[in-house]
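The residues making up each chain are set out below.
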Amino acid sequence: MGYRFGKRVKFYLGCVLEVIYGRANNCMLCGDFAEDMLCKSCQSKIKYSVIEGEVEKEGIRFKYYSCAYYNSLVKEMIIRLKYKSDFDCGVLLTQLMERLIREKEISFDYITYVPCSEEAFRKRGYNQSEFLSKKLSELTGKSVIHCLIKSKSTKDQIGLDRDARWTNLENSFVVENYKAIKDKKILLIDDVITTGATAFYCGKALLLCGCREVNILTAAKSAI
Ligand SMILES: [Zn+2]
């Protein structure tokens, strides 16, 4: 219980700490001297990119955007954010995501995020995609709306092949708060897109509940 509480506190602190304290002059990834959060070398390895594509199934199509490929450094940042409560990594990723929103002029009314299972939430104390959404909300001025729930527990997508990933997630998300999203344009946030199955079924659930349009934005794009 104390451990979980501690993680929760760290989550909220992560949202505000950098406002209160200045940053030390060390790269958050390698520890070398840095004028910003990252040294020049790590910055160049992350390689901000404008990645766009579509995920289509059952006659429904969503546009997705990602701002980096899932290379070793980006993978490390996402693992730190997801499993080690390293929210600085999340802050940095949202800066890249916000840049992509501006450059591609993506318009939306609300931000929402891919939910994690109750079990994962209990274990980690937070949802990394919710964290990314909250930081993006600060940067864009658009509200985050909580509306997706994972309605059934599914196997971890890691280790499943392409077809199994789709079957595993089929219709496993439900929507609450659907009055608030009716006729709205939603920006759906996740940390990584791989096959797009997770984002697709979240987007489908949102469309079925009356929202007008869903676009997907993830920090990274991974090949399976
Ligand atoms: Zn570095």
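It should be noted that the structure appears before, not after, this text.
In this text the structure is predicted, and so the values were computed from the model without any measurement.

The rules we used
- Residues numbered from 1 in each chain as written.
- Predicted model: local features only at pLDDT ≥ 70, side-chain atom pairs only at ≥ 80, totals over all residues.
- Heavy atoms only, no water.
- Core = buried A, V, L, I, M, F, W, Y, C linked by side-chain atoms within 4.5 Å.
- Buried < 20%, exposed > 50% of the residue type's maximum accessible area, 1.4 Å probe, protein only.
- Helix = DSSP H or I, 4+ residues; strand = E, 2+ residues; numbered from the N terminus.
- Contact = heavy atoms within 4.5 Å.
- Expected span 1.5 Å × (residues − 1).
- Polar contact = N/O pair within 3.5 Å; in protein donor to acceptor, adjacent residues only side chain to side chain.
- Phe/Tyr/Trp six-rings, centres within 6.5 Å; stacked < 30°, edge-to-face > 60°.
- Pairing = 2+ DSSP bridges.
- Right-handed = clockwise from strand over helix to strand, strands pointing away.
- Lys, Arg positive; Asp, Glu negative; His and termini not counted.
- Salt bridge = Lys/Arg side-chain N within 4 Å of Asp/Glu carboxyl O.
- Axes fitted to C-alpha atoms, helices over the stretch in contact; angles between N-to-C directions.

Novice: A description of the nonpolar core should follow, citing residues and the corresponding values.
Specialist: Among the nonpolar cores identified, the biggest contains 41 residues, and Leu-29, Leu-38, Ile-46, Met-97, Ile-189 and Leu-217 are the most heavily contacted of them. Looking at this core element by element, the count peaks at 9 residues for helix H4 (residues 87-104). Counting residues in hydrophobic clusters, the runner-up holds 26 residues, among them Trp-166, Ala-197, Tyr-201 and Val-214.

Novice: Any details on the environment of Glu-98? Residues and values, ideally.
Specialist: Relative to the assigned elements, Glu-98 resides in helix H4. Residues in contact with Glu-98, not counting those within four places in the same chain, are Leu-136, Leu-139 and Thr-140.

Novice: Lay out helix H6 (residues 128-140) with the relevant residues and their values.
Specialist: The terminal C-alpha atoms of H6, which comprises 13 residues, lie 18 Å apart, in line with the 18 Å expected from a rise of 1.5 Å per residue. Taken together, the buried positions of H6 are Gln-128, Ser-129, Glu-130, Phe-131, Leu-132, Ser-133, Lys-135, Leu-136 and Ser-137. Where H6 begins, the capping side chain belongs to Asn-127, and its oxygen is found 2.9 Å from the backbone nitrogen of Ser-129.

Novice: Can you lay out unusual backbone geometry for me, pointing to particular residues and giving the numbers?
Specialist: Not every positive phi belongs to a glycine, and Ser-85 is a case in point at roughly 50 degrees. When you line up the elements, Ser-85 lands in the loop between helix H3 (72-83) and H4. With a phi angle near 65 degrees, Asp-183 is a residue other than glycine that sits in the positive phi range. Examined against the element boundaries, Asp-183 turns out to sit in the loop between helix H8 (178-181) and strand S6 (185-193).

Novice: Tell me about the packing of aromatic side chains, and please be specific about residues and values.
Specialist: Taken as a whole and judged by the stated rule, the model has 6 aromatic pairs. Geometrically, the ring pair formed by Phe-87 and Phe-131 is tilted, given 4.7 Å between the ring centres and 35 degrees between the ring planes. Taken together, the positions of Phe-87 in helix H4 and Phe-131 in helix H6 put the pair 44 residues apart, joining distant regions of the chain. This pair shows no difference in class: Phe-87 is buried, exactly as Phe-131 is. Where Phe-200 meets Tyr-201, the ring centres are 5.2 Å apart and the plane angle is 85 degrees; that geometry is what we call edge-to-face.

Novice: Can you lay out the pairing of strand S7 (residues 213-221) for me, pointing to particular residues and giving the numbers?
Specialist: Consecutive residues of a regular strand have side chains that alternate between opposite faces of the sheet. Of all 9 residues in S7, 8 are buried, a share of seventy percent or more. Looking at chain direction, strand S2 (residues 60-69) and S7 are connected through 6 bridges and run parallel. Among the inter-strand pairings, Tyr-64 is bridged to a residue of S7, identified as Ile-216. One crossover worth recording links S6 to the parallel S7 by way of helix H9 (residues 197-208), and it is right-handed.

Novice: Go over the side chain of Asp-190 with me, naming the residues and quoting the values.
Specialist: The residue Asp-190 is located in strand S6 in this model. Within the buried set, Asp-190 has no salt-bridge partner at all; the shortest N-O distance to an opposite charge, 6.9 Å, is to Lys-82. Apart from residues lying up to four places away in sequence, Asp-190 is in contact with Met-97, Val-114, Ser-129, Leu-132, Thr-198, Leu-217, Thr-218 and Ala-219.

Novice: Tell me about the sheet that holds strand S1 (residues 51-57), and please be specific about residues and values.
Specialist: Taken in spatial order, the 5 strands make up an open sheet running S1-S2-S7-S6-S3, and their pairing is mixed. Bordering the open sheet on either side are S1 and strand S3 (110-113), each of which pairs with just one other strand. The sheet shows a mean angle of 30 degrees between the axes of neighbouring strands, direction not considered. Summarising the sheet, S6 and S7 pair through 8 bridges and their orientation is parallel. Residue pairing across strands places Lys-185 opposite Glu-213, the latter belonging to S7. Sitting on the sheet, H6 is in contact with S3, S6 and S7, with an inclination near 130 degrees to S6.

Scope: geometric values only; no functional claims are made or implied.
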